[in-house]
Structure formats: structure tokens, C-alpha cells
Amino acid sequence: MTAEFALDDFPTGLVVTTLEDREILFANQYFYQVSQQEPQSGARIGLVFTAASKIVIESFVMPMLLHQGYCAEIQLTLETKAAEPVPVLVNARIVEGERKLIYWVISTAQQRDSLYQELVNLRNDLEQRAEKLEVLSQTDELTGLLNRRAFVSRATTLIKQGLRHKMSYSFFMIDIDNFKQINDQHGHDVGDNVLHQVGQWLASNSRANDILARIGGEEFAIITLNQSHESPIQFAERVLTLLRAEKIQGIEVTVSVGLAVSAKASFEQLYKGADILLYEAKHQGRNRLVWRDIDGE
């Protein structure tokens, strides 16, 4: 029954070698086509592989065959006459009879490698897309600053850091004065530009450890650990001075700032304290800073 089947028709390389010197006793036509070799008396299977693959055969494949009798799914490379070597997947087994032989099954792995590379490329693309989506989910589209959700998360982490290291921290609530009038008198396009420019000014003048965000409407927030040489009050006054000196499309833009300082308050307490102080700044005439150490309240 076995004689009815032609081994040359198998879509994989079938090779039989001696165990001692791996002399090829039989190889089907597929093997010779893939390796681009001609049948030769006394040829050894190692000669068809690249130098690196020969090292793998001697240092890994043969010891494994001698130890457990078989070796499965080893990636090797055929040294062909063509410009490009051919990656192959090799399985081998020792068969005992009158003499010990090695049966080799050698199949090309080009398609597998191509599919694997496609999977790698797809994974990299998905990771990049996920990173972009993560950035977008944390970013205010108009200003490019953090949005409220990202700000709350990072601010909470910073407060925990401050508590752990016994450092005080500051929460700035910043609101553009008379913003509704800017929208009503000049249009929402100008209003959007004002929001964008104020966000950029705040970003370019913030300190290294500041966490800055647009938290809604015309409101911005900054939270920071008090470890800079510049006090939070000095920083707020500097921001106010810079904004007073600028015009956006010919419009004088000012802000009011509520600043809450603490060494033990939670995020919610800081937020509420800064919001109350911002309201006081608005009530006192806008374009000013009102601050307080809320731990003393």
C-alpha cells in the first residue's frame, strides 16, 4: 500500500540521514527544489544550511535528538543559490533499526514569517492607535491641555505624593473675566481663540511640576507641589501681569484667580476652597488674585 504513494508529491521536505555524520541517504524532490541543491552521493544535510543554522544544529538540535530522540519546530535557514536564504521549520526524530537514522521533515516558513510580521505590524499599529486614543481621551480639543477627567486623576495622585512626603500643594482656579461679553460682542470664533491663547500662555509660563488643565467653559486649573523657588503667590501674580500686558485680536483679556494652599486637604476640599476664593476675586472686581491657606480654616 505504501508504494502507491509518491514521496516527491508531499508538500514538505522529507530527508533521511545517518546519525553519525548526517549523510543524506534519501531526500524527496521537494527538499531539493527548496534547497536548490542537486542529489549528490555522500552529501551531508548540514551543507544546505547557513553558518548560523549549522551552529544551532550542532549545539542544540543534535544534543536534543541524542537526549530525547526527537526535536520539534526548530527555525533554521537554508543557504540557497538565490540571493535570499530560505527560512524553514525543522522537525527531526531518531529512528532505530539495523542502524540509527534521523528522519527530517523540513517545511518552508516564508509564509509563516510573513504572517507573523503582519501580526507584529498590526499589533504595533493597534498599540499606536490605543496610545493616540488615550491621549485624545485626556485632552481638551480646543486648547490641547488636559481635560477635567485627566486633571482630576493626576491631581489626586499629586496630592497623595505631597501627603507622603509632607509637602504642601497649591490649587489655582483661573477664570477668564467677562468671557460671555467677548462671545456676545465678537462671536464664538473669537471666544474660542481667546480660550486657546490663554491656555497657551498658561502652558508656556507654567513650572515643570505644574499640572494644568481646562476644566470647563472659560475655567482653567493648575495644581502643583510647593517645591519651586517661586512661591505660588508670586507665580499667580506673574501670570496676572503677563495676561494684562497681552491683547488677543485687539481685545484686552484678564483673568481672576482663586488660590488654595494646603498640606493636608483632599482634592475635593482644595477644589471647593479655590472655587470660593475665585468667587471672592470676581466679587472684588475681577482681574486679581485671592488666596488662602485653607488648613487654617
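See the structure shown above.
Residues numbered from 1 in each chain as written. Predicted model: local features only at pLDDT ≥ 70, side-chain atom pairs only at ≥ 80, totals over all residues. Heavy atoms only, no water.

Novice: Provide a residue-level description of helix α6 (residues 188-205), including the pertinent values.
Specialist: The first and last C-alpha atoms of α6 sit 26 Å apart over 18 residues, in line with the 26 Å expected at 1.5 Å per residue. Burial in α6 covers these residues: Val190, Gly191, Val194, Leu195, Val198, Gly199, Trp201 and Leu202. (Helix = DSSP H or I, 4+ residues; strand = E, 2+ residues; numbered from the N terminus. Expected span 1.5 Å × (residues − 1). Buried < 20%, exposed > 50% of the residue type's maximum accessible area, 1.4 Å probe, protein only.)

Novice: Any details on the nonpolar core? Residues and values, ideally.
Specialist: Phe172, Ile174, Ile176, Val194, Val198, Phe220 and Val257 are the most contacted members of the largest nonpolar core, which totals 28 residues. For this core, the secondary-structure elements that each account for two or more residues are β6 (169-176), α5 (179-186), α6, β8 (219-225), α7 (232-244) and β11 (255-262). Looking at this core, the element that brings in the most residues is α6, giving six residues. Setting aside its immediate chain neighbours within four residues, valine 194 contacts Ile176, Phe179, Ile182, Ile248 and Val253. (Core = buried A, V, L, I, M, F, W, Y, C linked by side-chain atoms within 4.5 Å. Contact = heavy atoms within 4.5 Å.)

Novice: Requested: an account of the sheet that holds strand β4 (residues 86-95), with residues and values cited.
Specialist: Read from one edge of the open sheet, five strands run β2-β1-β5-β4-β3, paired in antiparallel fashion. The open sheet terminates on both sides in strands that have one partner only, identified here as β2 (24-27) and β3 (70-78). Each neighbouring strand pair of the sheet contributes to a mean axis angle of 25 degrees, computed without reference to strand direction. The sheet strands contacting helix α2 (residues 51-68) are β3, β4 and β5 (101-108), and the helix crosses β3 at an angle near 170 degrees. (Pairing = 2+ DSSP bridges. Axes fitted to C-alpha atoms, helices over the stretch in contact; angles between N-to-C directions.)

Novice: Tell me about the pattern of salt bridges, and please be specific about residues and values.
Specialist: Between side chains of opposite charge, a pair can form when the charged atoms approach closely. Counted according to the given criterion, the structure contains nine salt bridges. In this structure, the salt-bridge partner of aspartate 140 is arginine 214, at a minimum N-O distance of 3.2 Å. With aspartate 140 in the loop between α3 (110-137) and α4 (148-164) and arginine 214 in strand β7 (residues 211-216), this pair connects stretches of sequence that are 74 residues apart. Two residues, aspartate 177 and lysine 282, come together in a salt bridge whose shortest N-O distance is 2.7 Å. Highlighted residues: aspartate 177 in the loop between β6 and α5 and lysine 282 in helix α8 (residues 267-283), separated in sequence by 105 residues. Note on accessibility: aspartate 177 and lysine 282 belong to one class, buried. (Salt bridge = Lys/Arg side-chain N within 4 Å of Asp/Glu carboxyl O.)

Novice: So, α7: which residues are in play, and what are the values?
Specialist: Across its 13 residues, α7 extends 18 Å between first and last C-alpha, which sits within 8% of the 18 Å expected from 1.5 Å per residue. Within α7, burial applies to Pro232, Phe235, Ala236, Val239, Leu240 and Leu243. Buried residues along α7 cover an arc of 135 degrees about the axis, so they all sit on one side. Those residues of α7 hidden inside the fold are in contact with β6, α6, β8, β11 and β12 (289-293). (Arc of directions from axis to C-beta.)

Novice: Describe the pairing of β8, with residues and values.
Specialist: β8 sits mainly inside the fold: six of its seven residues count as buried. Both β6 and β8 contribute to a ladder of seven bridges, which runs antiparallel. Looking across to β8, one finds that phenylalanine 171 is bridged to isoleucine 223. Bridge count for β7 against β8 is five bridges, and the pairing is antiparallel. Bridged to arginine 214 within β8 is phenylalanine 220. Here β7 folds back onto β8 in antiparallel fashion, the turn holding two residues, of which glycine 217 has a positive phi close to 50 degrees.

Novice: Give a description of a nonpolar patch on the surface that names residues and reports values.
Specialist: A cluster of nonpolar side chains, contributed by Leu7, Phe10, Leu25 and Phe26, occupies part of the molecular surface with about 330 Å² of accessible area. Inspection of the secondary structure puts phenylalanine 10 in the segment before β1 (13-18). (Patch = residues over 30% accessible without salt bridge, like charges linked within 9 Å, V, L, I, M, F, W, Y side chains within 5 Å. Areas by Shrake-Rupley, 256 points an atom, 1.4 Å probe, with all protein chains shown as cover.)

Novice: Explain the pairing of β12 to me, using residue names and the numbers behind them.
Specialist: As judged from the five bridges shared by β11 and β12, these two strands associate in the parallel manner. Across the sheet, valine 257 pairs through a bridge with leucine 289, a residue of β12. The handedness of the β11 to β12 crossover, carried by α8, is left-handed. (Right-handed = clockwise from strand over helix to strand, strands pointing away.)

Novice: An account of the packing of α4 against α8 is requested, with residue identities and associated values reported.
Specialist: One way to put it is that α4 packs onto α8 with a least axis distance of 10 Å and a crossing angle of 115 degrees. In this structure, α4 uses Arg148, Phe151, Val152, Ala155, Thr156 and Ile159 to contact α8, whose residues at the interface are Phe267, Leu270 and Tyr271. Taken together, the residues that form the contact of α4 with α8 break down as seven nonpolar, one polar and one charged. (Nonpolar A, V, L, I, M, F, W, Y, C, P; charged D, E, K, R; others polar.)

Novice: Got a sec to walk through the sheet that holds β11? Specific residues and values, please.
Specialist: With respect to topology, five strands assemble into an open sheet ordered β7-β8-β6-β11-β12, the strand pairing being mixed. The open sheet has two edge strands, β7 and β12, and neither has a second partner. Across the sheet, the axes of successive neighbouring strands diverge by a mean angle of 15 degrees, strand direction being ignored. α4 contacts β6, β7 and β8 of the sheet and is inclined by roughly 20 degrees relative to β8.

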